[in-house]
Amino acid sequence: MTSKYKEYNTALLFVRFNSSHGFPMEVDSDTSIFQLKEAVAKRQGVPADQLRVIFAGKELSNDLTLKNCDLPQQSIVHIVQNRQKSENENCGVLPSNGGEPKSLTRVDLNTNLLPSDSSGLAVILDNKVPTPSDNSDAKYSSFYIFCKSSCQAVKPGKLRVRCKTCKHGTLTLARDPSCWEDVLIPNRISGICHFQNCSGEIAEFYFKCGAHPTSDSETSVPLNLITTNSRYISCITCTDVRTPVLVFPCIHHHVICLGCFHLYCVTMLNNRQFVHDPVFGYSLPCVGFIALLYLLCLIFIERAIMMWWLRC
Ligand SMILES: [Zn+2]
Ligand SMILES: [Zn+2]
Ligand SMILES: [Zn+2]
Ligand SMILES: [Zn+2]
């Protein structure tokens, strides 16, 4: 877990004080949240004990250090000054004791996405020891997004949350999201907004590209069918074990690698074979269905050749 931090000892944070102005701060990754509060308090001329540090829907407690809060380089951290104590002190506080602290960067929404066993065509084709071509970012992140700005590619994403009312990242969550529905369907998760005079209680989730620093407005579309191939399931088409993969929302949860999926989309588009779905618009059926049709066609052709050969 700490491997990401071995590369550097200092972290560059963007501190947003009372959601107004942001300023960069270079801090040691061993810096505690209390030390961060003291540094910001000194800079802003306010008492340190009136400050709350909020990152990705959690209030960070004083004795945590930056490296065990999962704060990647160039994260935006909200620091709010609160003169009065909140009624619900424990809402969304990232604890410093009792096991590994879990932040939004660690939430796994894909627990039900991959098939529990390699069922369907995948298992028939799979006859080698799986070793996915892994990359550490994919292991670190369980979300994927399409970055249409600088990357123009599928990249690991960052899940972030803001207050639905004031749109600031000063909201702490009442509970963590546990599935895609929790983050994609609005108004499912509540919280407390710590921005002055805001009484917002609804969480609004959004996604950012994890490959580079992003501004507040640079959000990305989450790709909820794409996941890290944690169960080493082979691609239904090329049989390679790759990661990340796309899991079709069919009953078998057929798995396809992104290269094959791209090819499948281009082929279907060229053959005008996208089908209209009343909910999703133009879409594609599971490749497993197409593979089955292809297999049936092959059997039919083989039979026809056999009949022709017998007659001759
Ligand atoms: Zn990007
Ligand atoms: Zn708010
Ligand atoms: Zn493939
Ligand atoms: Zn399928």
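Residues numbered from 1 in each chain as written. Chains lettered and ligands numbered in written order. Predicted model: local features only at pLDDT ≥ 70, side-chain atom pairs only at ≥ 80, totals over all residues.

Engineer: So what about the sheet that holds strand β11 (residues 203-209)? Which residues, and what values?
Structural biologist: Two strands in a sheet stick together by hydrogen bonds in their backbones, pointing the same way (parallel) or opposite ways (antiparallel). Read across the open sheet, the 4 strands follow the order β11-β8-β7-β12; overall the sheet is antiparallel. Only two strands of the sheet have a single partner each, and these edge strands are β11 and β12 (221-222). The sheet contact formed by strand β8 (residues 153-163) and β11 spans 7 bridges and is antiparallel. Looking across to β11, one finds that glycine 157 is bridged to cysteine 209. (Pairing = 2+ DSSP bridges. Helix = DSSP H or I, 4+ residues; strand = E, 2+ residues; numbered from the N terminus.)

Engineer: Mind laying out the sheet that holds strand β13 (residues 226-227), listing which residues take part and the relevant values?
Structural biologist: Reading across from one edge, β13-β14-β15 is the order of the 3 strands in this open sheet, with antiparallel pairing throughout. Looking at strand neighbours, the two that pair on one side only are β13 and β15 (255-257), the edges of this open sheet. In the sheet, strand β14 (residues 245-247) pairs with β15 via 3 bridges, with the strands oriented antiparallel. Bridge pairing links valine 245 to cysteine 257 in β15. Here helix α6 (residues 258-270) sits on the sheet and contacts β14 and β15; the angle it forms with β15, its principal contact strand, is near 90°. (Contact = placed C-beta atoms within 7 Å. Axes fitted to C-alpha atoms, helices over the stretch in contact; angles between N-to-C directions.)

Engineer: Can you lay out the pairing of strand β1 (residues 10-17) for me, pointing to particular residues and giving the numbers?
Structural biologist: Where β1 lies against strand β2 (residues 21-28), 8 bridges are found, and the strand directions are antiparallel. Directly across from phenylalanine 14, in β2, lies its bridge partner proline 24. A loop of 3 residues connects β1 with β2, the two strands running antiparallel in sequence, and asparagine 18 in this loop sits at a positive phi of about 50°. Inspection of the sheet shows β1 paired to strand β5 (residues 76-81) by 4 bridges, in the parallel sense. What sits directly across from valine 15, in β5, is valine 77.

Engineer: Describe helix α2 (residues 33-44), naming the residues involved and giving the relevant values.
Structural biologist: The terminal C-alpha atoms of α2, which comprises 12 residues, lie 16 Å apart, in line with the 16 Å expected from a rise of 1.5 Å per residue. Buried residues of α2: Ile33, Leu36, Lys37 and Val40, and no others. Buried residues of α2, seen end-on, are gathered within an arc of 100° and therefore sit on one face of the element. Structurally, α2 contributes buried residues whose contacts are with β1, β2, β3 (51-55), β4 (58-60) and β5. Just past α2, the residue glycine 45 takes up positive phi, approximately 70°. (Expected span 1.5 Å × (residues − 1). Buried ≥ 20, exposed ≤ 12 C-beta atoms within 10 Å, placed from the backbone. Arc of directions from axis to C-beta.)

Engineer: So what about unusual backbone geometry? Which residues, and what values?
Structural biologist: Between threonine 243 and proline 244 the backbone carries a cis peptide bond, its omega angle lying at -5°. Residue position: proline 244 is located in the loop between β13 and β14. Here asparagine 197, not a glycine, exhibits a phi torsion of approximately 65°, which is positive. Positionally, asparagine 197 belongs in the loop between β10 (191-193) and β11.

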